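# Residue-level structure breakdown
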Amino acid sequence: MSDLSHPGRRGFLRRSIAIVPAATALTATGFVTAQNVTAPASPASGTASSAASTANYVPVYFHADEWAFIKAAVARLIPSDDIGPGAIEAGVPEFIDRQMEGSFGQAATWYMQGPFVPSSPLFGYQGKMLPREVYRAGIAATDAWCKAQKGGKTFAQLDAAQQDEVLKGLDTETIKFDNVGAKDFFTFLLQNTKEGYFSDPIHGGNKNAAAWKMIGFPGARADYLDWVDKPGVHYTLPPVSISGPQG
């Protein structure tokens, strides 16, 4: 997280999606696999309905204080602006909470036996804690650090500049914890935030396929025969989720 500035973050998102194969954007990408997916009854339309849907969601895994942290953190990682919705409007907190109860949160498909030794980041996560345990311990440790260093306030109670400072500290490991790796925690948080922002709306994030609309990604449309012989023509149809058109 080398640049937390407004244009830097949006440019970072565009560079992130540019290197992700299109097929993976239809599912929960990277760390997360598609498990226990329930299609929404019908996709809502508009930012207002997205915000209402997000506000009405009741977390299954996260406790109230953890939920406050998740919402505050993802809002800083992908803030809303005049180009596109932020992580909150896109439903990223819901996506992350749902993943905690799925195969990713349980590390169901990962080898989770020892030995557990310090390794290069090239080998990926090598810890003994399940991802959902990393989140729980990481949030508690971050809030404890904030209370000790920021006048008794939790992360969610800090102002935006202070929150950015803490997130950068987790990323660069200038903030360290005894019981959980700060970098491991931040890596999961950042990766899952991007996944929730760009994945198929069927997973709970990317409400109304707003992120796909922002970058011009068509989604899971069945065919493009009507557009094959129209090079250079702007594609005007709305993106399609696995569950159907997104308005």
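Residues numbered from 1 in each chain as written. Predicted model: local features only at pLDDT ≥ 70, side-chain atom pairs only at ≥ 80, totals over all residues. Heavy atoms only, no water.

### Quick look at the overall build of the protein
For the protein, the helix and strand inventory stands at nine helices and two strands. Counting from the amino terminus, the protein carries its helices and strands in the arrangement α-α-α-α-α-α-α-α-α-β-β. Within the span of the protein, comprising 247 residues, buried residues form 45% of the whole. In the protein, once contacts between residues fewer than 6 apart in sequence are set aside, the share between residues at least 24 apart is 68%. With the model as given, the accessible surface of the protein reaches about 12400 Å², and the carbon-plus-sulfur share is 57%. (Helix = DSSP H or I, 4+ residues; strand = E, 2+ residues; numbered from the N terminus. Buried < 20%, exposed > 50% of the residue type's maximum accessible area, 1.4 Å probe, protein only. Contact = heavy atoms within 4.5 Å. Areas by Shrake-Rupley, 256 points an atom, 1.4 Å probe, with all protein chains shown as cover.)

### A few points about the packing of helix α4 (residues 64-77) against helix α5 (residues 92-100)
In contact at an axis separation of 9 Å, α4 and α5 are set at 130° when each is read in the N-to-C sense. Between α4 and α5, the crossing angle belongs to the class labelled oblique. Of the two possible hands of crossing, α4 and α5 adopt the one that is right-handed. Residue-level inspection shows W67, I70, K71 and V74 of α4 in contact with α5, the latter providing V92, P93, E94, I96 and D97. Classifying every residue of the contact of α4 with α5 by side-chain character gives six nonpolar, no polar and three charged. (Axes fitted to C-alpha atoms, helices over the stretch in contact; angles between N-to-C directions. Parallel < 35°, antiparallel > 145°, perpendicular 65-115°, else oblique. Left-handed = near helix turned anticlockwise from the far one by under 90°. Nonpolar A, V, L, I, M, F, W, Y, C, P; charged D, E, K, R; others polar.)

### With respect to the nonpolar core
By size, the foremost hydrophobic cluster in this structure holds 46 residues, and its most contacted members are F62, Y135, F155 and L189. Breaking this core down by element, the ones donating at least two residues are α4, α5, α6 (131-149), α7 (160-172), α8 (182-198) and α9 (210-215). Those residues in contact with Y135, other than ones at most four positions away along the chain, are F62, I70, I96, M100, F185, F188, L189 and N192. (Core = buried A, V, L, I, M, F, W, Y, C linked by side-chain atoms within 4.5 Å.)

### A few points about the packing of α6 against α8
Put simply, α6 and α8 touch, their axes get as near as 9 Å, and they point 110° apart. What the angle tells us is that α6 and α8 run roughly perpendicular. Helix-helix and strand crossings are classified by hand; for α6 and α8 the assignment is left-handed. Contacts from P131, V134, Y135, G138, I139 and T142 of α6 reach α8 at D184, F185, F188, L189 and N192. Looking at the contact of α6 with α8 residue by residue, the classes come out as seven nonpolar, three polar and one charged.

### Details of the pattern of salt bridges
Using the criterion set out here, one finds seven salt bridges in the structure. Between R76 and D164 there is a salt bridge; the shortest N-O distance is 2.9 Å. Of this pair, R76 sits in helix α4 while D164 sits in helix α7, and the two are 88 residues apart along the sequence. Judged by relative accessible area, R76 falls into the buried class, the value being 17%. (Salt bridge = Lys/Arg side-chain N within 4 Å of Asp/Glu carboxyl O.)

### A word on the side chain of T154
Summarising the element assignment, T154 is placed in the loop between α6 and α7. In this view, T154 contacts D143, C146 and K147; residues no more than four positions away in its chain are not counted.

### Topic: α6
Between its first and last C-alpha, α6 extends 26 Å over 19 residues, near the 27 Å set by a 1.5 Å rise per residue. Along α6, the residues classified as buried are P131, R132, V134, Y135, A137, G138, I139, A141, T142, D143 and C146. Against the buried residues of α6 lie α4, α5, α7 and α8. Looking one or two residues beyond α6, the residue adopting positive phi is G151, at roughly 70°. (Expected span 1.5 Å × (residues − 1).)

### Focus on the packing of aromatic side chains
Applying the stated criterion to the full structure yields 16 aromatic pairs. Residues F62 and Y135 carry aromatic rings whose centres are separated by 5.9 Å and whose planes lie at 65° to one another, so their mutual orientation is edge-to-face. Note that F62 is positioned in the loop between α3 (47-56) and α4 and Y135 in helix α6, a separation of 73 residues in sequence. Assessed through its relative accessible area of 4%, F62 is described here as buried. Look at Y135 and you get buried, because its relative accessible area is 0%. Here the aromatic rings of W110 and Y125 are separated by 6.2 Å at their centres, their planes lie at 55°, and the arrangement is tilted. Placement of the pair is W110 in the loop between α5 and α6 and Y125 in the loop between α5 and α6, with a sequence separation of 15 residues. (Phe/Tyr/Trp six-rings, centres within 6.5 Å; stacked < 30°, edge-to-face > 60°.)

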